Each structure stands twice: as structure tokens, then as C-alpha cells.
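Breakdown of the fold
The chain contents come next:
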Amino acid sequence: MTSEEASRNGPRSWTRRRVIARGAAITAALALPGMLGACASLRPAPPKSRDPGDDVALLDNLIGLHDEAVAAYEFARGGGALAGAELAQANAFEEDHRKHAAALRRFA
């Protein structure tokens, strides 16, 4: 539609662009309350329990993860997958995991 035709038809002329734009605006307006409501659910959840047993379970899991990391480094080193600078870095990481696990064991 040319600008001349649009001016002749007045403000009520429905072009494809206007229909799409209006549909998008209506869709956004209808979706906005739902999107704002979802934002409220993004807050961190309050702690579910104050049971000390939950803390112990968490510490046990963390210790287990560190022990698995140590085992993975031992396996990689034993299989000859690491050498040179990579081996030195892996040994440093393994030692860090050992220290972390030992520190966590003092709390568990």
C-alpha cells in the first residue's frame, strides 16, 4: 500500500505490517503478567531444613567428590596419560583435593 492510498483510506487502513505489529503488541501485553510472575519464583529457595544431619550429608558428598578427583588423577598418572608440565599440574591439583578432603573430614 502506498502512502497516498494510506492517506486516502485514513487511519483504519489495515496493512500487513500494522496487523503483525498490533498482534505482537497484544501478545506481549498478555504474556507480561505471566513473565513477571515467573520472576518472583527465581528467588533462592529458603532452606528446607535446619537438621544437622543434612549438613553432614553435604559434607560427606563433598568429601566423596574430592576422593573421586584424587582417584581420577591417580588413574591418569598410572596410565601414563600425563607427562611433563601436565603431570606436575595434575600432581598439584591432586594434592589440593587431598587437602580439601582432609579439611572437610575435620568437620564431618
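Structural notes, computed from the coordinates. None of the values given here were measured: they were computed from a predicted structure.

1. Things to note about the environment of Ala72
With respect to the helices, strands and loops of the structure, Ala72 is situated in helix α3 (residues 52–78). Ala72 gets classed as partly exposed once you look at its relative accessible area, which sits at 45%. Once the C-alpha coordinates of Ala72 and Ala90 are considered, the two residues, 18 residues apart in sequence, prove to be 10.0 Å apart.

2. Focus: helix α4 (residues 84–107)
Over its 24 residues, α4 runs 36 Å from end to end, which matches the ideal 34 Å to within 8%, given 1.5 Å per residue. Taken together, the buried positions of α4 are occupied by Ala90, Glu94, Ala101 and Leu104.

3. Some thoughts on a nonpolar patch on the surface
A contiguous nonpolar patch, built from Leu58, Leu62 and Leu65 and spanning about 270 Å² of accessible area, is present on the exposed surface. Relative to the assigned elements, Leu62 resides in helix α3. What makes Leu62 partly exposed here is its relative accessible area of 32%.

4. What to know about the packing of aromatic side chains
Taken as a whole and judged by the stated rule, the model has 1 aromatic pair. Between Tyr73 and Phe93, the ring centres sit 6.4 Å apart and the planes meet at 45°, which makes this aromatic pair tilted. Of this pair, Tyr73 sits in helix α3 while Phe93 sits in helix α4, and the two are 20 residues apart along the sequence.

5. What to know about the pattern of salt bridges
This structure, assessed with the given rule, holds 4 salt bridges. When salt bridges that share partners are traced, they join Glu74, Arg77, Glu94 and Arg98 into one network.

6. Things to note about the environment of Ala90
Within the secondary structure, Ala90 is located in helix α4. According to the relative accessible area criterion, Ala90 is buried, its value standing at 7%. Beyond its immediate sequence surroundings of up to four residues, Ala90 is in contact with Tyr73 and Leu82.

Calculation rules
Residues numbered from 1 in each chain as written. Predicted model: local features only at pLDDT ≥ 70, side-chain atom pairs only at ≥ 80, totals over all residues. Heavy atoms only, no water. Helix = DSSP H or I, 4+ residues; strand = E, 2+ residues; numbered from the N terminus. Buried < 20%, exposed > 50% of the residue type's maximum accessible area, 1.4 Å probe, protein only. Expected span 1.5 Å × (residues − 1). Patch = residues over 30% accessible without salt bridge, like charges linked within 9 Å, V, L, I, M, F, W, Y side chains within 5 Å. Areas by Shrake-Rupley, 256 points an atom, 1.4 Å probe, with all protein chains shown as cover. Salt bridge = Lys/Arg side-chain N within 4 Å of Asp/Glu carboxyl O. Phe/Tyr/Trp six-rings, centres within 6.5 Å; stacked < 30°, edge-to-face > 60°. Contact = heavy atoms within 4.5 Å.

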